[in-house]
Amino acid sequence: MNERIDVIDELRRANPVPNEQADEFTYLSAARLRGELRGTTDATVTRIDDAPSSRRPTWRGWPLARAAAVAAVIAGGLVVVTGDGERNTRVETATASVSEPSPPPPYLLDVDTGERTALNIVENAVEFQPSPDGTRLLFYQDGALSIADADGSGVVAIDVQGGPEWRPARWSPDGTRIVYQEKMEGGNVGNLFVHEVATGRRTQVTHLDLTTADWFWLAPSFSPDGQDVVFHLARDASSEPGFDVWSVPVTGGDPEVLVEDAAWPRYLPDGRLVYVASPRSMRDGDTLVIAAADGSTRTLAEAVNGIRRVNVSPGGARVEYVTGDPDDNQDDDRVYVVAVESGEASMLDIEGEWVDDHTLLVGP
Amino acid sequence: VAGGMPTDGRFESLYDEYRAAVGAYCRRRLPRDAIDDVMAEVFETGWRRIDHIPVGAELPWLYGVARNVIANQRRGVSRRTRLVSRLLARTPDRRQESTFDSEWSGATAPILDALATLAPSDQEVLRLRAWEELTITEIAIVLGTTAHAVEMRLSRAKRRLERALESTKQNGLTEATPTPIAKGTAS
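Values in this document were obtained by computation on a predicted structure and should not be read as measured data.

**Quick word on the environment of Val259(A)**
All names here are of chain A. Tracing the backbone shows Val259 in strand β16 (residues 256-259). Judged by relative accessible area, which is 16%, Val259 ranks as buried. C-alpha separation for the pair Val259 and Tyr275, spaced 16 residues apart in sequence, amounts to 9.0 Å. Leaving out residues up to four positions away in the same chain, Val259 has contacts with Asp244, Val245, Leu273 and Tyr275.

The structure is reproduced here in structure tokens:
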């Protein structure tokens, strides 16, 4: 293997303003700042576009409906978008009631009401994954994949070799196993492992050469009976490789193609499979499909840009997904929740992990 | 401040503690004459939103504001530049440059040339990691996204930068010139 260049280290050495010299580059005069603030009044603060800049809409050039939708999201409300299979950017109704600003993550988000409830659980942890029965949490803390009780007590680091990749690990439906993707040398993500919670036994379930793939994140999850792991895999290392959905037994073995030309697979509890159809890359799979056991399919949602990070609620009533070009500005990402049976979709202002069919856990 | 909201000294503390860091953030991305305006807007926003700034994550929050202010100014300047370009097309003997036409490029090195070939979003996540030395979680606050998304984006951006650096070196597009060295930076 060629010696890898640590580009972050090289970039750090080329920093035009090293942090040690930052004080020398403070140009703003106190007088200038005071002058700016003197012209600001309380009335200014109440305007909707005084939301944090990271959430502020760009009004100029936006269709009015989309701007209204963003404004509603800023205000803490939810936006109902088309549920008839049309493009998600069409907004039918918007609720713009002003609510309290979000508490800092982690918090619970009621996707029906928009209510947010602060959680005081594990500190310095990310990528929370509630267990199917809601009694435990899976998360990364200080780089270690860890389990704790739902109230944050009893933290136990899972002893894994090499350290897991910082991606959502997934519980099996019965809560006895966890599947995660390990990190490869050089920073990219590697093969899939299944960890048995009770015994700590760890099984490598895939033996893939991921250096041949353009997209390394396999997005693994369990089948409803917990006996298989499904994942997607890029066909090659080109920029538009195409993807297939694969399945492999939790005990390991040869993976088999489950769905050709598909990505982001997630099972519903009843055995139906949700996936993104025909993605050449992660920016152009614009149809979310639900497939029954008999092979029949129907479109669950469509988006202008690629759909990714598909996430099924525990009861299978709702599916959360993200749209937007992953190579473009992440501010353009949109998070949606679509009801499996009715197709009605809501746009959220942040992504989360399902606690139940109505609640997301939003982590830092 | 007359006509404004009392901040019980929190804003003043915020300004004193973070102005240097925010100034450095701007200096890494902007020409010198553009920094005052951006700094003013960043801290004006901080003053107005003082009760909404997450405790313990003040600096990433301010970086996030600065990022958006810079993006908004670039969009505005881009529009003006197009207008200027049209005018200059009629008066070819005059030349005018916009200070926001491109990323600040006061220093040059192969790694910076390679960085400049990437998409702006890739550039920013790499700079936040290498120059602002933020953690994944802090970068997520700046970009208004999740740590998961940041980790994925950073991984891909690093690979793209590796390829771009290799290509830059092979093509000999630049000759390395001395650049400032960050002393004692953490990994």
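The discussion continues.
**Examining the side chain of His195(A)**
Structurally, the position occupied by His195(A) is in strand β11 (residues 189-196). Discounting residues that sit within four places of it in the chain, His195(A) has contacts with Ile158(A), Thr176(A), Arg177(A), Ile178(A), Tyr180(A), Gly200(A) and Arg201(A).

**Considerations on the sheet that holds strand β15 (residues 243-249) of chain A**
All names here are of chain A. With respect to topology, 4 strands assemble into an open sheet ordered β13-β14-β15-β16, the strand pairing being antiparallel. Looking at strand neighbours, the two that pair on one side only are β13 (221-222) and β16, the edges of this open sheet. With 2 bridges connecting them, β13 and strand β14 (residues 228-234) associate as antiparallel partners. If you follow Phe222 over to β14, its bridge partner there is Val229.

**Some points on the pairing of strand β7 (residues 144-149) of chain A**
Residue and element names in this part refer to chain A. Both strand β6 (residues 136-141) and β7 contribute to a ladder of 6 bridges, which runs antiparallel. When the sheet's bridge partners are listed, Leu138 is paired in β7 with Ile147. Two successive antiparallel strands, β6 and β7, enclose a turn made up of 2 residues, where Asp142 displays a positive phi of approximately 50 degrees. Two elements, β7 and strand β8 (residues 156-157), share 2 bridges in a ladder whose sense is antiparallel. Looking across to β8, one finds that Ile147 is bridged to Val156. In textbook terms, the turn of a hairpin is the stretch between consecutive antiparallel strands, and for β7 and β8 this stretch comprises 6 residues, one of which, Gly152, has a positive phi near 95 degrees.

Parameters and conventions
Numbering of residues starts from 1 in each chain and follows the order in which that chain's sequence is written. Chain letters start at A and ligand numbers start at 1, both assigned in the order the entries are written. Per-residue local features of the predicted model are confined to residues with pLDDT of at least 70, and side-chain atom pairs are confined, for both listing and counting, to 80 or more; whole-chain, interface and lining totals are unaffected and use all residues. Each side-chain value is derived from all of the structure's non-hydrogen atoms; neither hydrogens nor water enter the calculation. Each helix is a run of DSSP H or I of at least 4 residues and each strand a run of E of at least 2, with the numbering of both proceeding from the N terminus. Note on exposure labels: buried denotes an accessible area under 20% of the residue type's maximum, exposed denotes more than 50%, and partly exposed covers the range between, all computed with a 1.4 Å probe on protein chains only. Any two residues having at least one pair of non-hydrogen atoms within 4.5 Å are treated as being in contact. A pair of strands is considered paired only if DSSP assigns at least 2 bridges between the two.

In short, the description is geometric, and any link to function would need to be established separately.
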